[in-house]
Amino acid sequence: MARPPLSPEAVEQFRQRLCELAMERIAEHGYDGLSLRGLTQALGCSYATPYRYFRDKQDIFAAVRALAYDRFAAAIEHAADGMGDPEARVYALTAAYVRFAQTAPHAYKLICELGLPGRDEHPEYWPKERRSWEIWVGEIQSAVDSGLLVGDPVEVAHVFWASVHGAVSLHLGRKLVLGVDVDTLVSSITRSLLFAYQPRRSPQ
């Protein structure tokens, strides 16, 4: 007797459960350490079940990274809601980045520390990565438009991103043990970069 088709809701629920578990295991053991047999045992389903929802292991990895990017975008998208001051908005953005790394370390590791799945094989997930980056660049663009900062917004956004990421990586690697915590460090980095990219006025 043929198995009745699952409803779209049931399909999405299973995909979500599998992705949540896979995210945790990939973050802890890496892509090569992800075992489909281990996943199915933990989920209480047959070894063949994931292949009803995903093409292969790489497809699972891509879907998990897409989920992580969705969460990252949601975490930073509304960080500056209600703030009109562009400087306060930049501080809120960098603080939200730190907060996401602290509260969602598995998702953070997937988007920042593990290799990308092939975009050619999984083009459907590329917009999710772009969304979080466009939020980041958008805030810097607004700061440039307001006159708070000068420079190419994409380049300036890269500098802020790389600097904050470096501090967060030190924190997650338990390297910040010399008297400055990650929140203080990122606040100082933000202040320094805001100064570095502020307009220079000619002496009178």
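Everything below is about the structure printed above this text.
Residues numbered from 1 in each chain as written. Predicted model: local features only at pLDDT ≥ 70, side-chain atom pairs only at ≥ 80, totals over all residues. Heavy atoms only, no water.

Some thoughts on the overall build of the chain
And then number 1: The helix and strand tally for the chain stands at 8 helices and 0 strands.
And then number 2: Reading the chain from its N terminus to its C terminus gives the helix and strand order α-α-α-α-α-α-α-α.
And then number 3: Its C-alpha atoms put the chain at 85 × 35 × 30 Å along the principal axes.
And then number 4: Accessible surface, the chain as shown: approximately 11,400 Å² in total, 53% of it carbon and sulfur.
And then number 5: Placing the 22 positive and 25 negative side-chain charges of the chain at their respective mean positions leaves the two points 6 Å apart. (Helix = DSSP H or I, 4+ residues; strand = E, 2+ residues; numbered from the N terminus. Areas by Shrake-Rupley, 256 points an atom, 1.4 Å probe, with all protein chains shown as cover. Lys, Arg positive; Asp, Glu negative; His and termini not counted. Charge placed at Lys NZ, Arg CZ, Asp CG, Glu CD.)

Comments concerning the packing of aromatic side chains
And then number 1: Taken as a whole, this structure holds 7 aromatic pairs when the rule is applied.
And then number 2: Here the basic side chain of R37 rests over the ring of Y47, its NZ or CZ set 4.4 Å away from the ring centre. (Phe/Tyr/Trp six-rings, centres within 6.5 Å; stacked < 30°, edge-to-face > 60°. Lys NZ or Arg CZ within 6 Å of the ring centre and 35° of its normal.)

Regarding the environment of R17
And then number 1: Its place among the elements puts R17 in helix 1 (residues 8–29).
And then number 2: C-alpha of R17 to C-alpha of L43: the two residues are 26 residues apart in sequence and 8.0 Å apart in space.

Digging into unusual backbone geometry
And then number 1: You will see that R174, though not glycine, has its phi angle at about 60 degrees, which is positive.
And then number 2: For R174, the location among the structural elements is in the loop between helix 7 (153–172) and helix 8 (182–196).

A word on the environment of R65
And then number 1: With respect to the element layout, R65 can be found in helix 3 (residues 57–77).
And then number 2: Along the primary structure R65 and Y108 are separated by 43 residues, whereas in three dimensions their C-alpha atoms are 9.5 Å apart.

A look at the packing of helix 1 against helix 2 (residues 36–43)
And then number 1: Across the interface, helix 1 lies against helix 2 with an axial gap of 10 Å and an inter-helix angle of 125 degrees. Comparing their axes, helix 2 and helix 1 come out oblique. As helix 1 packs across helix 2, the resulting crossing turns out to be right-handed. Between helix 1 and helix 2, the contacting residues are F14, R17, L18, L21, A22 and R25 on the first element and G38, L39, A42 and L43 on the second. (Axes fitted to C-alpha atoms, helices over the stretch in contact; angles between N-to-C directions. Parallel < 35°, antiparallel > 145°, perpendicular 65-115°, else oblique. Left-handed = near helix turned anticlockwise from the far one by under 90°. Contact = heavy atoms within 4.5 Å.)

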